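A closer look at the structure
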Amino acid sequence: MNSKIIKVSGGAFHLPGNDIDTDRIIPARFLKCVTFDGLGEHVFEDDRAQLKGSHSFDNTKNKGCTILIAGNNFGCGSSREHAVAALQCWGIKAIVAKSFAEIFHGNAAGNGLVCVTVGDYDHQLLLTVLEQPQPDEWMIDLQSMTIQTSIAGKPRSPIECSMPESDRERLIAGTWDTMATLLEAGGQIEETAARLPYMAH
Amino acid sequence: MSKNTLFDKVWGLHTVRSLPGGQDQILVGLHLVHEVTSPQAFSMIKERGLRVRFPHRTFATADHIVPTINRNRPLADPLAEEMLQHLERNCKEHGITLFSIGNDNQGVIHIIGPELGLTHPGMVIACGDSHTSTHGAFGAIALGIGTTQVANVLATGCLLLEKPKVRQIKVTGKLADGVTAKDVILAIINRLGVKGGIGYAYEYAGSVIESMDMEARMTLCNMSIEGGAQCGYVNPDAETINYLRFRKYVPQEAVFDTASMYWLKLVSEKDAEYDDVVELRGEEIEPMMTWGITPGQSISVNGNLPLIPKWGTKEAEEDAGAISQGLEYMGFAAGKPLIGTPIQVAFIGSCTNGRISDLQEAARLIQKHQLHVAPGVRALVVPGSENVRRWAMSEGLDKIFIKAGWEFREAGCSMCLAMNPDKLQGRELCVSTSNRNFKGRQGSPTGRTILMSPASVVACASTGIITDVRTLGN
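Helices and strands together make up the secondary structure of chain B, namely 16 helices and 19 strands. Its C-alpha atoms give chain B a radius of gyration of 22 Å, near enough to 23 Å, the size a compact globule of 474 residues would have. Along the longest, intermediate and shortest principal axes, the C-alpha atoms of chain B span 55 × 55 × 45 Å. Counting across all 474 residues of chain B, residues that qualify as buried make up 61%.

Moving on to helix 4 (residues 102–109) of chain A. In terms of burial, helix 4 of chain A is a largely internal element, eight of the eight residues being buried. Listed as buried for helix 4 of chain A are E102(A), I103(A), F104(A), H105(A), G106(A), N107(A), A108(A) and A109(A). Buried residues belonging to helix 4 of chain A abut helix 1 (22–25), helix 3 (82–90), strand 5 (114–117) and helix 6 (165–173) of chain A together with strand 7 (141–144) and helix 5 (147–156) of chain B.

Residue and element names in this part refer to chain B. As summarised here, the arrangement of the four strands in space is 11-10-9-12, forming an open sheet in which the pairing is parallel. Only two strands of the sheet have a single partner each, and these edge strands are strand 11 (231–234) and strand 12 (276–281). The sheet shows a mean angle of 25 degrees between the axes of neighbouring strands, taken without regard to direction. Helix 6 (residues 181–192) rests against strand 9 (165–172) and strand 12 of the sheet, and its axis sits at about 125 degrees to strand 12.

Attention now goes to the interface of chain B and chain A. Counting from both sides, the interface comprises 62 residues of chain B and, opposite them, 52 residues of chain A. Element by element, the count of residues in the side of chain B that touches chain A is highest for helix 5 of chain B, at seven residues. When grouped by side-chain class, the residues that make up the side of chain B that touches chain A number 25 nonpolar, 25 polar and twelve charged.

Our focus in this paragraph is the sheet that holds strand 19 (residues 448–451) of chain B. Two orientations exist for strands paired in a sheet by backbone hydrogen bonds: parallel and antiparallel. Residues and elements named next belong to chain B. If you walk across this open sheet you meet the five strands as 17-16-15-18-19, and the pairing is parallel. Looking at strand neighbours, the two that pair on one side only are strand 17 (407–408) and strand 19, the edges of this open sheet. Sheet strands in contact with helix 16 (residues 454–463) are strand 15 (345–348), strand 16 (378–381) and strand 18 (429–432), and its direction is about 155 degrees off that of strand 15.

Ranked by internal contacts, the top residues of the largest apolar core, which has 214 residues, are I95(A), V96(A), I140(A), I141(B), C158(B) and A346(B). The greatest single-element share of this core, amounting to eight residues, is contributed by helix 6 of chain B. Taken together, domain 1 (6–265) and domain 2 (289–474) of chain B each give at least three residues to this core, which thus spans both. Sequence-distant contacts of I140(A), that is, excluding residues within four places in its chain, are made with K7(A), V8(A), I67(A), A94(A), V114(A), V116(A), I147(A) and C161(A).

The next subject is the pairing of strand 5 of chain A. Every regular strand shows the same layout, with side chains that alternate between the two sheet faces. All names here are of chain A. Here strand 4 (residues 94–97) runs beside strand 5; their pairing, made up of four bridges, is parallel. Considered in strand 5, the bridge of I95 is made with C115. Between the parallel elements strand 4 and strand 5, the chain passes through helix 4 in a crossover that is right-handed.

Moving on, we come to the domain arrangement of chain B. Interfaces are often described in size by the accessible area the parts lose on coming together. All names here are of chain B. Each assigned domain of chain B is listed here: domain 1 (6–265) and domain 2 (289–474). Distance from the C-alpha centre of domain 1 to the C-alpha centre of domain 2: 24 Å. Residue-level contacts link 37 residues of domain 1 with 36 residues of domain 2. With five residues, helix 6 is the single largest residue contributor to the side of domain 1 that touches domain 2. Residues of the side of domain 1 that touches domain 2, tallied by class, amount to 13 nonpolar, 14 polar and ten charged.

Attention now goes to the environment of T178(A). All names here are of chain A. You can see T178 is positioned in helix 7 (residues 178–183). For T178, a count of 24 C-beta atoms within 10 Å puts it in the buried group. When the C-alpha positions of T178 and G110 are compared, they lie 6.2 Å apart, and in sequence the two are 68 residues distant.

On to helix 3 (residues 78–94) of chain B. Residues and elements named next belong to chain B. Over its 17 residues, helix 3 extends 24 Å from the first C-alpha to the last, a length consistent with the 24 Å expected when each residue adds 1.5 Å. Where helix 3 is buried, its residues meet helix 2 (39–47), strand 4 (58–61) and strand 5 (97–99). Just downstream of helix 3, G95 is the residue with a positive phi angle, here 70 degrees.

For the rest of this paragraph, the subject is the confidence of the model for chain B. In this model, chain B carries a mean pLDDT of 97, and residues with pLDDT of at least 70 account for 99%. The complex prediction reports pTM at 0.97, with the ipTM value standing at 0.96.

Moving on to the packing of helix 6 of chain B against helix 8 (residues 214–222) of chain B. Residue and element names in this part refer to chain B. Packing of helix 6 against helix 8 brings their axes to within 8 Å, and their N-to-C directions diverge by 25 degrees. Relative to helix 8, the element helix 6 lies roughly parallel. Every pair of crossing elements has a handedness; the one defined by helix 6 and helix 8 is right-handed. Facing A181, K182, V184 and I185 of helix 6, the residues of helix 8 in contact are A216, T219 and L220. Taken together, the residues that form the contact of helix 6 with helix 8 break down as five nonpolar, one polar and one charged.

On to the environment of G340(B), then. Secondary-structure assignment places G340(B) in the loop between helix 11 (314–330) and strand 15. A sequence separation of 71 residues divides G340(B) from E269(B), and the C-alpha atoms of the two residues are 47 Å apart.

We now examine the pairing of strand 16 of chain B. Residue and element names in this part refer to chain B. Where strand 15 lies against strand 16, four bridges are found, and the strand directions are parallel. From the neighbouring strand, V345 faces strand 16, where its bridge partner is R378. Here two bridges tie strand 16 to strand 17, and the two strands are oriented parallel to one another. When the sheet's bridge partners are listed, V381 is paired in strand 17 with F408.

Analysis parameters
Residues numbered from 1 in each chain as written. Chains lettered and ligands numbered in written order. Predicted model: local features only at pLDDT ≥ 70, side-chain atom pairs only at ≥ 80, totals over all residues. Helix = DSSP H or I, 4+ residues; strand = E, 2+ residues; numbered from the N terminus. Rg over C-alpha atoms; globule rule 2.2 N^0.38 Å. Buried ≥ 20, exposed ≤ 12 C-beta atoms within 10 Å, placed from the backbone. Contact = placed C-beta atoms within 7 Å. Pairing = 2+ DSSP bridges. Axes fitted to C-alpha atoms, helices over the stretch in contact; angles between N-to-C directions. Nonpolar A, V, L, I, M, F, W, Y, C, P; charged D, E, K, R; others polar. Core = buried A, V, L, I, M, F, W, Y, C linked by C-beta atoms within 7 Å. Domains from an automatic or database assignment. Right-handed = clockwise from strand over helix to strand, strands pointing away. Expected span 1.5 Å × (residues − 1). pLDDT = per-residue confidence, 0-100. Parallel < 35°, antiparallel > 145°, perpendicular 65-115°, else oblique. Left-handed = near helix turned anticlockwise from the far one by under 90°.

Here's what the structure looks like:
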């Protein structure tokens, strides 16, 4: 049993751009490891070096934030789960994007990293909130599937967000560890295998 | 919802159970393992006291971190050596067949699976590597997965998945001379976009696909993931059966014939229903090259680089952002031709184009047109497997490459992702047969990649500039 993830609250910040690939999130040279420890400090390492301090992950204002706002097709490319691990090590607990690449999404779901999507219009609204001088902490509520924001203590209308129902149920119930669910099938696994001739070889 | 496609049938056969939330527990019949995404997965199952459920259906190799020269153990890079030792120890402990450095069958996991006959039609195949889609060329559901999922497959032989939609991509007519499977898949990604495939499995069909040999189909399916699709496949046919007959891990003699009949029955039915159908005309596809930082940012070799849209919809603004970012990173000017751009490195290899037919075609062009690598260009041929390497050598291809100024290496992923010593330096521009032109992908944080076919790479390496392979003649 994992911890139940019903709400994620914290500061939010924006990482501009679409198609942010996992090579950018964690460059391949950091994959030479046998554990996921210590990847947080290398998240977006090459992008950050090139932007010389002006990358979202270097902005002191974003330090301690837990919610990342991204664009379309976030996490595309390589299947490396190191990308999810690096973001989590850095402190990210939830990502709000227009869309996610599939393998990244699966990796996130299995590790309790909340990934929700919003439409273009709502995405723009969220960015407008971030541009205000005093945005407060946000809250992503997985029960109502809304993102609640406020500016200088004044709450704004909640914004609807979505995620696959099965992922949502598992996060809320604290059963996002897929291994436990898969093991429940017990002997059904061998029964299915027995029906497939090639499994005997 | 799709119906009666190969995808639907194979998915159904492998469904262990359906869960209330809408996901299916899917049995994985072949699990391929490599050194980069598996050590944490083995630790995860160890922590829970679990064992590998189907060790005889699990096969491993070392490909990502292996050097392509000086492969004596211990490896010069201590981190690479440590990863290799972890893989060796884990495979030994769990009774998994491993093709490590020094084994005759070592190579890039997606090259050796088909080559050894491990990959069959109608299988569900998983590997902790996004290019697992390659195996779809045989009519298998082949899925790239992350490390937690690798642990799931190790311990339970299963994955928890939501069934994707199925899109048929028909390529009709025939291809013009000088146009290859690599150009076809780059054209498809160009048309549908790098996120166009999210939520889909791609079925490739039509006369162009049917007339492709198995290695071309593998190149095609390999890059399905670059189009955002969960996997891609081609329905098996006589070509598939002929490729597999007599391979090491296929059933032999009469059992093979029985298996073949079963495989051919799995093809999508005539009345199959798809969630979407897209059609491309083969004749309209030209040799393609990427110009930017995603595999969707491509043009035909004679085309001009895109202009940056100045105004318009929100979508156009986003396009403008992506275009200007891509051009800026590559150091290219909007609206100008790509042809004639000087290059510094040429790479033939990877799970996309590191097979024997890729090397044969490259060597054929070199020999026929008496080509030599242009001054100032570093050119590398890295066979996809030790079997490919030996085959190439038995035909004397290594000598053709070396005489023409190419280096001929040992098998591995090499400069596709540069986890081994083969890397770009600084801002070098590389013409590459690999699959990703992401920022920094080839080992230098500022290095630049142009993806293209092996034939196009040979043409560019020989002139030192971006060149239309068709100008060489056939």
